[in-house]
Amino acid sequence: MLSPLIPNYKHPKWIVVLKILEIIGSKRSRKIASKLKIYDIDNFVLAIKIIVLSSLFERDISSIVSEINLNLELQKILDIDSMINTQKIYKSMFDLSYDSLFHFFSKTFQPERRKRDKKQRTIIIDSSPIVIDLNIWRNKDKIGKKNKKYKWSYYPSIGYFVGFKLILAIDLEDNLVGFEIHKDCPNDSKLLIPFVERLFNSRKIHAGDLIICDKGFTSKKNYQTLINRFYLIPIIYPRNNTNLDQIIYELNPPLDAFSYNKYKLEKWIHVVNEFKNLIYQWKSFKYYRLEIEVFFNIAKNTLGLNKMHQYTQPSVEKKVVPIVFLSSKLISLANSLNIAKKAIPSW
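Residues numbered from 1 in each chain as written. Predicted model: local features only at pLDDT ≥ 70, side-chain atom pairs only at ≥ 80, totals over all residues. Heavy atoms only, no water.

J.: Got a sec to walk through the overall build of the chain? Specific residues and values, please.
T.: On a plain count of helices and strands, the chain comes out with 13 helices and 9 strands. Against the 2.2 N^0.38 benchmark of 20 Å for 347 residues, the chain shows a C-alpha radius of gyration of 22 Å, consistent with a compact globule. Expressed along its principal axes, the backbone C-alpha trace of the chain runs to roughly 70 × 50 × 35 Å. Burial status across the chain gives 50% buried among its 347 residues. Contacts in the chain between residues at least 24 apart in sequence constitute 71% of all its contacts with a sequence separation of at least 6. (Helix = DSSP H or I, 4+ residues; strand = E, 2+ residues; numbered from the N terminus. Rg over C-alpha atoms; globule rule 2.2 N^0.38 Å. Buried < 20%, exposed > 50% of the residue type's maximum accessible area, 1.4 Å probe, protein only. Contact = heavy atoms within 4.5 Å.)

Next comes the structure, spelled out in structure tokens:
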């Protein structure tokens, strides 16, 4: 049985929760909602607050609504003066599109844009399985119904599972750069280039940035494509059988490097030289990957990413969006309050 939600204004978790609820209820967030053509803004903001509380306290919507209806202090915090209808909240969530939810959280929690400077940024990319909580022990060979088939997937750290895969990118300051959700569990090495291409086209990453990935993303094509197409410096941890000397030997400038008054060629040469200097020191970059491991730890053990009770890709996507953005915001607020981010999962 879950303990009741009793606001404690001195506890670090409640301090952060109140700050997040204040941001969601602000005039700025309401203006963002109106630009997304959401007409019932009051009900939308309330639904978002309940989704956030559901994620932060790892409870279902009906449980959170019941707590609010019985607790006058929670009603005061949420700025409501009437009983909440659970079905109305569920309907609001169902009517929300993935794009509306994504744009609302991204513009509300990450209003800053990267400045147009020439400073190199380090981007960490990693993936994680999203396991759906499906009872499969009776029919392990026939998963799901006739019109809703599931497939077995494999991930090294957990073995076989049923679900999806999340690929995510952050920088060294724990700012969220981007993420995607894929059905089943495609190989990391096949996901990297399309994911980076979308980030590059949306100007989330720029030429000259450092890309750090683990061994799951290793392939000769990934090294060459990141350098030749995007002018990025790939620090992808090599496997035991990866021949780095051969990869470097086969690097040739792309045709477009000879245009733009040789600017691109100079850029390509600079990127290749940095790659040659850094790739053999890849072990020294292992410490940087701890940042994204902490990020995933918060998402899984604080916000409920470890077990999903959604069973279709659209519903999983709408569940993951607030979790990912909340993880980034939790780390940011914890840093501002001088709270160690590694302590967040133990709240």
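Now that the structure is up, let's keep going.
J.: Could you give an account of the nonpolar core, with specific residues and numbers?
T.: If you look at soluble globular proteins, the nonpolar side chains tend to sit buried side by side. Core analysis: the largest hydrophobic core is formed by 73 residues, its most contacted members being Ile20, Ile48, Leu166, Leu168 and Val320. In this view, Leu168 contacts Ile124, Ile125, Asp126, Leu176, Gly178, Phe179, Phe195, Ile292, Phe295, Phe296 and Val324; residues no more than four positions away in its chain are not counted. (Core = buried A, V, L, I, M, F, W, Y, C linked by side-chain atoms within 4.5 Å.)

J.: Could you give an account of the sheet that holds strand E6 (residues 163–171), with specific residues and numbers?
T.: In space, the 5 strands of this open sheet follow the order E7-E6-E1-E8-E9, with mixed pairing throughout. Of all the strands in the sheet, just strand E7 (176–183) and strand E9 (233–236) have a single pairing partner and so form its edges. Pairwise comparison of adjacent strand axes, ignoring direction, gives a mean angle of 20° for this sheet. Alignment of strand E1 (residues 122–131) against E6, held across 9 bridges, turns out to be antiparallel. (Pairing = 2+ DSSP bridges. Axes fitted to C-alpha atoms, helices over the stretch in contact; angles between N-to-C directions.)

J.: Can you break down the packing of helix H8 (residues 188–201) against helix H9 (residues 220–228) residue by residue, with the values?
T.: Running from N to C, H8 and H9 point in directions that differ by 10°, and their axes come no closer than 9 Å. Comparing the axis directions of H8 and H9 gives the class roughly parallel. Across the interface between the two elements, Ser189, Leu192, Ile193 and Val196 of H8 pack against Asn222, Thr225 and Leu226 of H9. In terms of residue class, the contact of H8 with H9 is built from 4 nonpolar, 3 polar and no charged. (Parallel < 35°, antiparallel > 145°, perpendicular 65-115°, else oblique. Nonpolar A, V, L, I, M, F, W, Y, C, P; charged D, E, K, R; others polar.)

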